[in-house]
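# Structural characterization, general
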Amino acid sequence: MTWKLKKNILLATIIMSFIVILTSTFFFAEYLSRQNTPKNISQIINNINLVDHTGSRFVAKTLENQPSLIFFGFTHCPEICPTTLSQLSEVTESLKSKIITTNIIFITLDPQRDTQEYLKDYISNFNENVIGITGKIMDIKKLADNWGVFFEKISSSKDDYTFNHTATVFMLDKKGNYKGTISWGESENSIIQKIVKLSKD
């Protein structure tokens, strides 16, 4: 076996190992999120200090009278976050005649970069029912812990970083009651059925 072939085999092994680790972390995060029953979210929101992308304080009243789809992520996310927000935006827009207005609440896990102004610009790429939330990381973590959301910061280069995080969408009815989840990669038909049902609960 030549040195070049050995080198290629070693490189392929390293890449495959990295992919396996990332995939395992993702699915473990999904598993954790499903094992935790959320507490009363209204009490948690009113006891922490978060703001939306317009600069208004994020309070329990934001969740009243309208169903909500809650998703944790970060604006520099290359795929999962923009894909999830785009899909939820498109589905809720297409269902306008069948459902009451449904909030899509995007809570950043990266407040260092995702300031209120930065979120405002990012959110402008989606429908008006998308609400961006930011604040201090300790307050965001309290809310994330309520849903069993896993996230970890990973350095991708000397001056840059990314996150591994739970990609589950959490559903609340118009009274703020937890009604289940939407998984990353779930079929659009299933998502539509869940959102329609959520509007009727």
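Structural notes, computed from the coordinates. (Residues numbered from 1 in each chain as written. Predicted model: local features only at pLDDT ≥ 70, side-chain atom pairs only at ≥ 80, totals over all residues. Heavy atoms only, no water.)

With that settled, the discussion passes to the side chain of Asp173. Tracing the sequence through the fold places Asp173 in the loop between strand E7 (169-172) and strand E8 (178-182). For the buried residue Asp173, which engages in no salt bridge, the nearest side chain bearing the opposite charge is Lys179, 4.1 Å off. One polar contact links the side chain of Asp173 to the main-chain amide nitrogen of Asn177, over a distance of 2.8 Å. In contact with Asp173, other than residues within four places in its own chain, are Leu63, Gln66, Pro67, Lys179, Leu198 and Asp201. (Helix = DSSP H or I, 4+ residues; strand = E, 2+ residues; numbered from the N terminus. Buried < 20%, exposed > 50% of the residue type's maximum accessible area, 1.4 Å probe, protein only. Lys, Arg positive; Asp, Glu negative; His and termini not counted. Salt bridge = Lys/Arg side-chain N within 4 Å of Asp/Glu carboxyl O. Polar contact = N/O pair within 3.5 Å; in protein donor to acceptor, adjacent residues only side chain to side chain. Contact = heavy atoms within 4.5 Å.)

Turning our attention to the packing of helix H3 (residues 80-94) against helix H6 (residues 188-200). Running from N to C, H3 and H6 cross one another at 60°; their axes reach a closest spacing of 11 Å. In terms of orientation, H3 and H6 fall into the oblique class. As H3 runs across H6, the sense of the crossing is right-handed. Facing Gln87, Leu88, Val91 and Thr92 of H3, the residues of H6 in contact are Glu188, Ile191, Ile192 and Ile195. (Axes fitted to C-alpha atoms, helices over the stretch in contact; angles between N-to-C directions. Parallel < 35°, antiparallel > 145°, perpendicular 65-115°, else oblique. Left-handed = near helix turned anticlockwise from the far one by under 90°.)

Within the largest apolar cluster, 50 residues are counted, with the highest numbers of intra-cluster contacts made by Leu69, Ile70, Phe72, Leu143, Trp147 and Ile195. The biggest single contributor to this core is H3, with 5 residues. Residues contacting Ile70, with those up to four places away along its chain left out, are Ile41, Ile105, Ile107, Trp147, Thr168, Val169, Phe170 and Leu172. (Core = buried A, V, L, I, M, F, W, Y, C linked by side-chain atoms within 4.5 Å.)

Turning next to helix H5 (residues 137-146). The complete set of buried residues in H5 reads Asp139, Ile140, Leu143, Ala144 and Asn146. For H5, the angular spread of the buried residues around the axis is 155°, confining them to a single face. For H5, the elements touching its buried residues are helix H2 (41-46), strand E1 (50-52), strand E2 (68-73), strand E3 (103-108), strand E4 (130-135) and strand E5 (151-157). Taken from the residues just after H5, Gly148 is the one with a positive phi, measuring 70°. (Arc of directions from axis to C-beta.)

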